[in-house]
Amino acid sequence: MSDYEPVETVALADKVAELRAAWKAGEPLSGGQVFGLPPLDADVWVDTAGATVITGVPPKTITSYLSRGKPKSHPFPVPSKFLGRNYWPASSLLDWTAGLADAKD
């Protein structure tokens, strides 16, 4: 038996809504720092798992989009690579997601 208890349990939809509301209000985005990544001014780094949360696009689809430059009308943001992993500024993913409605019209 383990004594481990999560520090915080938050519903995924609630966290995404909180992040989007902060972004739309121009408030700083909350997030922990990742060792080795350069600091971002008023933004946070997001890995593929976080990109899935923000955009609603499954990880395998993100990988496919990146390798093929898709979707054609609104390509997925190009990530920065650090130690073989992809990272995006959260604001670029939020902008991309907001632009999906315009791209579909």
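In this numbering scheme, every chain counts its residues from 1 along its sequence in written order. Residues qualify for local features only when their pLDDT is at least 70, as the model is predicted, and side-chain atom pairs are given and counted only at 80 or more; totals for whole chains, interfaces and linings, by contrast, use all residues. Side-chain numbers here rest on the full set of heavy atoms in the structure, without hydrogens or water.

Caption draft 1: Spatial organisation of the side chain of Thr-55. Relative to the assigned elements, Thr-55 resides in helix H2 (residues 48-55). Here a polar contact means two N or O atoms within 3.5 Å. Within protein one must be a hydrogen donor candidate and the other an acceptor candidate, and residues neighboring in sequence count only if both atoms are side-chain atoms. In terms of polar contacts, Thr-55 uses its side chain to reach the backbone carbonyl oxygen of Ala-51, at 2.6 Å. A polar atom in the side chain of Thr-55 sits 3.1 Å from the backbone nitrogen of Val-57. Contacts: residue pairs with any heavy atoms within 4.5 Å of one another. Setting aside residues no more than four positions away along its own chain, Thr-55 makes contact with Arg-20, Ile-62, Phe-76, Leu-93, Trp-96 and Thr-97. Strands here mean DSSP runs of E at least two residues long; helices mean DSSP runs of H or I at least four residues long; both are numbered from the N terminus.

Caption draft 2: Expanded view of the sheet that holds strand E3 (residues 85-89). Strand pairing is assigned whenever DSSP detects at least two bridges linking the two strands. Reading across the sheet, the three strands line up as E1-E3-E2 and stay open at both edges, with antiparallel pairing between neighbours. The open sheet is flanked by strand E1 (45-46) and strand E2 (80-82), the only strands paired with a single partner. Relative to E3, E2 is paired through three bridges, and the arrangement is antiparallel. In the sheet register, Ser-80 faces E3, and the bridge partner there is Tyr-87.

Caption draft 3: Representation of the nonpolar core. Val-46, Ala-51, Ile-54, Ile-62, Phe-76, Trp-88 and Leu-93 are the most contacted members of the largest nonpolar core, which has 14 residues in total. Among the elements of the structure, H2 and helix H4 (90-104) are those that each provide at least two residues to this core. Setting aside chain neighbours within four positions, we find Ala-51 in contact with Val-46, Gly-56, Ile-62, Phe-76, Trp-88 and Leu-93. To form a nonpolar core, buried Ala, Val, Leu, Ile, Met, Phe, Trp, Tyr and Cys residues must be joined to one another through side-chain atoms within 4.5 Å. Exposure categories follow from relative accessible area, calculated using a 1.4 Å probe and restricted to protein chains: below 20% of the type maximum is buried, above 50% is exposed, and the middle band is partly exposed.

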